[in-house]
Amino acid sequence: MKNLLLILSLFIALSGYSQQATYLDGKYKAEKGGQVYVAQKQHVVDDIKPITDPNAEIRNVILLIGDGMGVSHVFAGMTANNDRLYIDQMPFVGFQKTKAKNKFRTDSAGAGSALATGEKTNYGSISVDSVGNPTPTILEYAAGNGYATGLVVACKVTHATPAVFIAHVPKRNLYEDIATFFVSDSIDVFLGGGSDNFFKRETGVNLRPALEAKGFQIVQEMDDLANIKSGKVAGLFANGHLDAYPKRGEFLVNGSDKAMEILNQDDKGFFLMIEGSQIDWAGHDNDVGYTIEEMLDFDRTVGEVLKFAEKDGHTLVIVTADHETGGLSVINGDIEQGMVEAKFNTTGHSSVMVPVFAYGPGAEKFCGIYENTAIFDKMMEAFGFTK
Ligand SMILES: [Zn+2]
């Protein structure tokens, strides 16, 4: 009897172990509706030293927006990357509330406009107020004060999140109208997709001559971008949206590095917005693997920005979202394996608060719970701009 018990307990212990060791081969029992995913590759997260002088002069503000990135998206990425992200090293954390002026549950246009202009507007509106008047954006204030400006996004540059920083139109799907706003003295570098909205337009003229007249170097291959060292750049690397990661390659990391290299040549400083655009689309698709790969691409980009800011000492870095997509929850995971089990609750946006992470001089002002419009106010204060 004693021997039987011993054998039985050994068997239980062994089977427990074998389940632990082989769940990645399909023996792990996911919750109903849960999706199990192991990241394709983990990235090394280097240590970033905190900025010790909170009163250092702020020259640059870099805002990184993970479209649709809620706390669960960050945590799924963190778990998949063996419990460590670059975002972890942004010591000041807050939450912002995302509702639009006319709807509790926002879209990227309404929420992005609030981040960019400090004014709540209607669902679907691109930096205009509820009667259609343009509301000035942080990018326009920066340009008006003699700073360099840029936008780097993993979608069309005419899509809602980049559009809210430079364009003013009543509806987000007016892509060709939005494109005309890029023919501007207010923006120096924009990188993303959407060349058809500029060069193969259904309405109006080809914008290539107008962009060139404004001094833009137009590039459509990443290799050509690598050769540009200064000046204004219109980088349009796809007819429409860019591909999902990893198909689009290291566009977001390399594009962001190039934007920082060029914009940093400005005497005063710069404003740069970088968007991890497809975290949102992964949420709409209810695809945990897509979510994690986009999150990790975004985090590697955050890493490049933090390394720049660490070295520079005069750069405020903010990472946040416009809203949460998918009502994602992380059910289970394994840090060593980089395995995440997660589940979506909707194919649309949810209404929950989204996280804000800040690093650099002025970062402590981003602690607390506030409306999304406060992000604009805090960036204005950081630059020392007045309306
Ligand atoms: Zn969305």
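The written sequence of each chain sets the order in which its residues are numbered from 1. Local features in this predicted model are restricted to residues whose pLDDT is 70 or higher, and side-chain atom pairs enter the listing and the counts only when it is 80 or higher, whereas totals over whole chains, interfaces and linings include all residues. In computing side-chain values, all of the structure's heavy atoms are included and hydrogens and water are not.

**Student:** What exactly am I supposed to notice about the coordination of the zinc ion here?
**Tutor:** Six octahedral donors around a metal ideally subtend angles of 90 or 180 degrees, whereas four tetrahedral donors ideally subtend 109.5 degrees. The protein atoms that coordinate the zinc ion are Asp280 (OD), Asp280 (OD), His284 (NE2) and His349 (NE2), at distances of 2.0 to 2.4 Å. Between the four donor atoms coordinating the zinc ion, the angles at the centre fall across 56 to 157°, so the site counts as irregular. Every donor residue of the zinc ion comes from the same chain, spaced as D-x3-H-x64-H. Here histidine 284, found in helix α11 (residues 278-284), pairs with histidine 349, found in strand β13 (residues 349-350); they are 65 residues apart in sequence, far enough to count as distant. The donor set comprises N, O and S atoms within 2.8 Å of the metal, extended to 3.2 Å for Na, K and Ca; water molecules are omitted, so apparent gaps in a site may simply reflect that omission. Any site counts as irregular unless it has four donors with all angles between 85 and 135 degrees, making it tetrahedral, or four or six donors with opposite ones more than 155 degrees apart and the rest between 65 and 115, making it square planar or octahedral. Helical segments are the DSSP runs of H or I of at least four residues, strand segments are the runs of E of at least two, and each set is numbered from the N terminus.

**Student:** Can you help me understand the packing of aromatic side chains in this one?
**Tutor:** For any pair of aromatic rings, geometry is given as the distance between the ring centres together with the angle between the planes. Planes of paired rings set the category: under 30 degrees apart is stacked, over 60 is edge-to-face and the rest tilted, where pairs are Phe, Tyr or Trp rings (Trp by its six-membered ring) whose centres lie within 6.5 Å. Counted according to the given criterion, the structure contains twelve aromatic pairs. Where tyrosine 141 meets phenylalanine 376, the ring centres are 6.1 Å apart and the plane angle is 55°; that geometry is what we call tilted. Note that tyrosine 141 is positioned in helix α4 (residues 138-144) and phenylalanine 376 in helix α13 (residues 373-383), a separation of 235 residues in sequence. Categorising residues by exposure relies on relative accessible area from a 1.4 Å probe, with only protein chains included: less than 20% of the type maximum marks a residue as buried, more than 50% marks it as exposed, and the intermediate range marks it as partly exposed. Tyrosine 141 gets classed as buried once you look at its relative accessible area, which sits at 14%. With centroids separated by 5.0 Å and ring planes inclined at 65°, the aromatic side chains of tyrosine 147 and phenylalanine 383 adopt a geometry described as edge-to-face. Residue tyrosine 147 is found in the loop between α4 and β4 (148-156), and its partner phenylalanine 383 is found in helix α13; the two are separated by 236 residues along the sequence. With relative accessibility at 8%, the residue phenylalanine 383 sits in the buried group. By the ring-pair criterion, three or more aromatic residues cluster together here, those being Phe182, Phe190, Phe198, Phe199 and Phe216. Note on geometry: a ring has a charge over it if NZ (lysine) or CZ (arginine) is within 6 Å of the ring centre and within 35 degrees of the ring normal. One Lys or Arg, lysine 156, reaches over the ring of tyrosine 175 and ends 3.6 Å from the middle of that ring.

Geometry only, nothing functional implied.
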